[in-house]
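Structure assessment
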Amino acid sequence: MRRDRLLVAVTLVALLAADVHFILLPRLRTWCHLPRGSCSCTNSSPENTSAATVPWTTSLNMTAVSTERGSKLERLFRHPLYNIRPPDLGPEEQLLQEDELMNYCKRKVSRWERLKKFYIEAAAASNITIPDHPVTFDPEASWLQFHLGISRYALYSGDDSIIDRLLRDMQTATIISADFTQDEKALKGACDCSQVVKPSGLHLKLALKLQDFGKAMFKPMRQERHEETPENFFYFVDFQRHNAEIAAFHLDRVLDFRRVPPVTGRFINVTGEILDITHNEELRSVFFTSPANNTCFFAKCLYVCKSEYAVCGHPDLLEGSMSAYLPGLSIAPRISIPNPWIRAYSFTGREEWEVNPLYCDNVKKLYPYNSGNRLLNIIDMAIFDFLTGNMDRHHYEIFTKFGDDGFLLHLDNARGFGRHSHDEVSILAPLTQCCMIKRSTLFRLKLLAQSEYRLSDVMRESLSRDPLTPVLTEEHLQALDRRLGHVLRTVGNCVKKLGEPQVLITDFVESSRVTSSHR
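Within every chain, residues take consecutive numbers counted from 1 along the sequence as written. With the structure being a predicted model, the display of local features is reserved for residues of pLDDT at least 70 and the display and counting of side-chain atom pairs for 80 or more, all residues being used for whole-chain, interface and lining totals. To obtain the side-chain values, all non-hydrogen atoms of the structure were included, while hydrogens and water were left out.

Quick look at the nonpolar core
- Residues F297, W341 and F399 are the most contacted members of the largest nonpolar core, which totals 124 residues.
- Secondary structure follows DSSP: runs of H or I at least 4 residues long count as helices, runs of E at least 2 residues long count as strands, and numbering of each begins at the N terminus. Here this core gets nine residues from one element, more than from any other, and that element is helix α12 (residues 374-388).
- Every residue in contact with F297, bar those within four places of it in the chain, is listed here: L204, L206, V270, I274, V286, F287, F288, A310, V311 and L318. Among buried residues, the Ala, Val, Leu, Ile, Met, Phe, Trp, Tyr and Cys ones that are joined through side-chain atoms within 4.5 Å form a nonpolar core. With a 1.4 Å probe rolled over the protein chains alone, any residue whose accessible area is under 20% of its type maximum counts as buried; one over 50% counts as exposed, and the rest are partly exposed. Only heavy atoms matter for contacts: two residues are in contact if any of them lie within 4.5 Å across the pair.

Structural notes on the packing of aromatic side chains
- Pairing of aromatic rings covers Phe, Tyr and Trp, the last counted by its six-membered ring, and requires centre-to-centre distances within 6.5 Å; plane angles under 30 degrees mean stacked, over 60 mean edge-to-face, and any other angle means tilted. Tallied over the entire structure, the rule returns seven aromatic pairs.
- Geometrically, the ring pair formed by F288 and F298 is tilted, given 5.9 Å between the ring centres and 45° between the ring planes. In this pair, F288 sits in strand β5 (residues 287-289) while F298 sits in the loop between β6 (295-297) and β7 (311-312), placing the two residues ten residues apart along the sequence.
- Assessed through its relative accessible area of 12%, F298 is described here as buried.
- Judged by centre distance (6.2 Å) and plane angle (70°), the rings of F399 and F407 are edge-to-face.

Regarding the UniProt feature "binding site: Mn(2+)" (unreviewed entry) in the chain
- UniProt positions are given in the numbering used here, feature names are shortened, and annotations may be inferred rather than shown by experiment. Here the UniProt feature "binding site: Mn(2+)" (unreviewed entry) sits at D412.
- Tracing the sequence through the fold places D412 in the loop between β10 (395-399) and α13 (429-434).
- Ignoring anything within four residues of it in the chain, the contact list for D412 reads K219, E245, N390 and R393.

Focus on empty space enclosed by the protein
- Cavities and pockets are found on a 1 Å grid laid over the protein atoms alone: a cavity is a set of points where a 1.4 Å probe fits but cannot escape, a pocket is an open set with protein on both sides within 12 Å along at least five of seven lines, and a lining residue has an atom within 4 Å of such a point. Grid points are joined across faces, edges and corners, and a volume is the space filled by probe spheres set on the points. Considering all chains together, one arrives at four cavities of 30 Å³ or more under this definition.
- Put simply, the largest cavity is a space of about 160 Å³.
- N339, W341, D385, R393 and I427 are, among the 17 residues lining the largest cavity, the residues nearest its centre.
- Per element, the largest residue contribution to the lining of the largest cavity is four residues, and it comes from α12.
- Across the lining of the largest cavity, the residue classes break down as ten nonpolar, four polar and three charged. Side-chain classes are defined by residue name, with Ala, Val, Leu, Ile, Met, Phe, Trp, Tyr, Cys and Pro counting as nonpolar, Asp, Glu, Lys and Arg as charged, and the others, Gly among them, as polar.

Thoughts on the confidence of the model for the chain
- In predicted models, pLDDT denotes the confidence assigned by the predictor to each residue on a 0 to 100 scale. Averaged over the chain, the pLDDT score is 82; the fraction of residues at 70 or greater is 76%.
- In this model residues 26-68 is a low-confidence stretch, pLDDT under 50, and it forms 61 contacts with partners more than four residues away in sequence or in other chains.
- The model gives residues 509-519 a pLDDT under 50, and that stretch makes 17 contacts with residues more than four places away or in other chains.

Focus: the pairing of strand β3 (residues 215-220)
- Extensive coverage of β3 is indicated by the burial of five of its six residues.
- Any two strands are treated as partners once DSSP identifies two or more bridges connecting them. Where strand β2 (residues 206-210) folds back onto β3 in an antiparallel hairpin, the turn is made up of four residues, including F213, whose phi is positive at roughly 75°.
- Relative to strand β8 (residues 317-324), β3 is paired through five bridges, and the arrangement is antiparallel. When the bridges of β8 are listed, P220 appears paired with G320.

What about the sheet that holds β5?
- The three strands lie next to each other as β5-β6-β7, forming an open sheet whose pairing is antiparallel. Across the chains shown, the open sheet's two edge strands, defined by having one partner strand only, are β5 and β7.
- As judged from the three bridges shared by β5 and β6, these two strands associate in the antiparallel manner. Across the sheet, the residue bridging to T289 is T295, located in β6.

Things to note about unusual backbone geometry
- The step from H314 to P315 runs through a cis peptide bond, and the omega angle for that step is -20°.
- Assignment of secondary structure puts P315 in the loop between β7 and β8.
- The amide bond that connects Y367 to the next residue, P368, takes the cis arrangement and shows omega of 5°.
- Relative to the helices and strands, P368 resides in the loop between α11 (359-363) and α12.
- Phi is positive for D412, which is not a glycine, with a value near 55°.
- One non-glycine residue with positive phi stands out, namely F417, at about 50°.
- Locating F417 in the fold gives a position in the loop between β10 and α13.

Things to note about the state of the cysteines
- Two cysteine sulfur atoms form a disulfide, by the criterion used here, when they sit within 2.5 Å. Applying the stated criterion to the full structure yields three disulfides.
- Note that C296 is cross-linked by a disulfide to C312, the S-S spacing being 2.0 Å. Between C296 and C312, the S-S torsion sits near 105°, and that sign places the bridge as right-handed. Taken together, the positions of C296 in strand β6 and C312 in strand β7 put the pair 16 residues apart, joining distant regions of the chain.
- Note on C296: relative accessible area 0%, which makes it buried.
- Residue pairing for C360: its cysteine sulfur links by disulfide to C434, the two sulfurs lying 1.9 Å apart. When the S-S torsion is 105°, as for the bridge of C360 with C434, the disulfide is right-handed.

Focus: helix α6 (residues 162-172)
- Buried residues of α6: I162, I163, D164, L166, L167, M170 and Q171, and no others.
- Structurally, α6 contributes buried residues whose contacts are with α5 (142-148), β2, β3, α8 (242-254), β4 (263-269) and β8.

With respect to the side chain of K438
- Structurally, the position occupied by K438 is in strand β11 (residues 437-438).
- The exposure class assigned to K438 is buried, which follows from its relative accessible area of 6%.
- Pairs of N or O atoms within 3.5 Å make up the polar contacts considered here, provided that, within protein, one atom can donate a hydrogen while the other can accept it, and that residues adjacent in sequence are counted only when both atoms are side-chain atoms. One polar contact links K438 to D380, side chain to side chain, over a distance of 3.2 Å.
- For K438, the contacting residues outside a window of four places in its chain are R259, L376, N377, D380, I505 and D507.

Encoded structure:
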């Protein structure tokens, strides 16, 4: 009898242990990682939960990419390293003041209305009908609020919900005008075909004006996702990829740099949203119908003024990237500065940094790299470019208002993500030669190397919210993890050689929520 009771007791204990291990513990783990204020109500969908908790979204296509413990992306953005208090922003730390920007934009809108009337009348005289889309200028428009949020430290704050609105607006807003970009207009169709590096043209891009008077740069699809840049291509003749622009924006946010203007994918009707609404006769003249009955267009520049260089819709729809414009140069001047680690844009030449391992010692003696954060920002940019595989960073831009202490703009990222099978370690020359890095940058890189916040996983989840998903192939996502490991090993070698105080440079005011375990 006692033996039977003992057997029953043992059985009950085993069942209880199994229940705790397989049922209760997984539920507790899931509960512990739910965001505060979340609800597990049966009528709430994963899409709604994700949209409410992620600080930004880029599409109504909210495919959930999460683990049993919840979204890695959500947990990453809730981490204390991503919630460091920035200094209070005074007028000198903000790029623009509201009154100044509103008056500037109202003048631009008035000028646009006058010119539009002239264009429509001139087109009618040539039997061309141009739709008359009214401009709905709104002081609360997302692009205006984005411009007002630019500060000395970044293009936007980490919790800025305006970025979410801006991405949605660029995806869906009515396009009222299309034109060549300013750099292509400056060429006036005259290109020196003897130059190794062509100034523009081959890389078709258009300036699209939206109905709320926002503006986006459209880069059309030129290369399939699975295609790699041929190994015999020089970096300066590579295609510019629309998906690289999209992925670079997402990576910039995941790294918490916030130096890339917002970018999203969109399908454009090249007939209804470019050809029929453009006021530029030169742009209208480069459209044609292909033998497959697709609507195509090419650049005006003479060396690519051929149908084989054209991009085509299917038959009218064309996918591409939409990059938000920064404030105009007349109200927010920027300067372009040669990268100290610029490459030789020739078939045979080499720059000094490529042959002199002590090159950084010379750079450190030069203004503005001899003080402040400029050199550290260059190293941040090199790490960013290495992760994307972008070898084409010949210049960088800064806002003149912020002087030497302003952040670097990471513009023109379309030559990234070309070869997932190759890691171009020379891009990391600023890090390997200078052996220094921002402490905050290293902390975030280490965090993204952990399985709980793995870089490829959070990027996959982030990119899944873009209308053009999948933006990157799985091979490119895995390459991000591999390259991140190389960056961390490079920093580790520097620490072994020089010691941590010489390599890790403190650059931020710590949040009260950051503990010693994160250092």
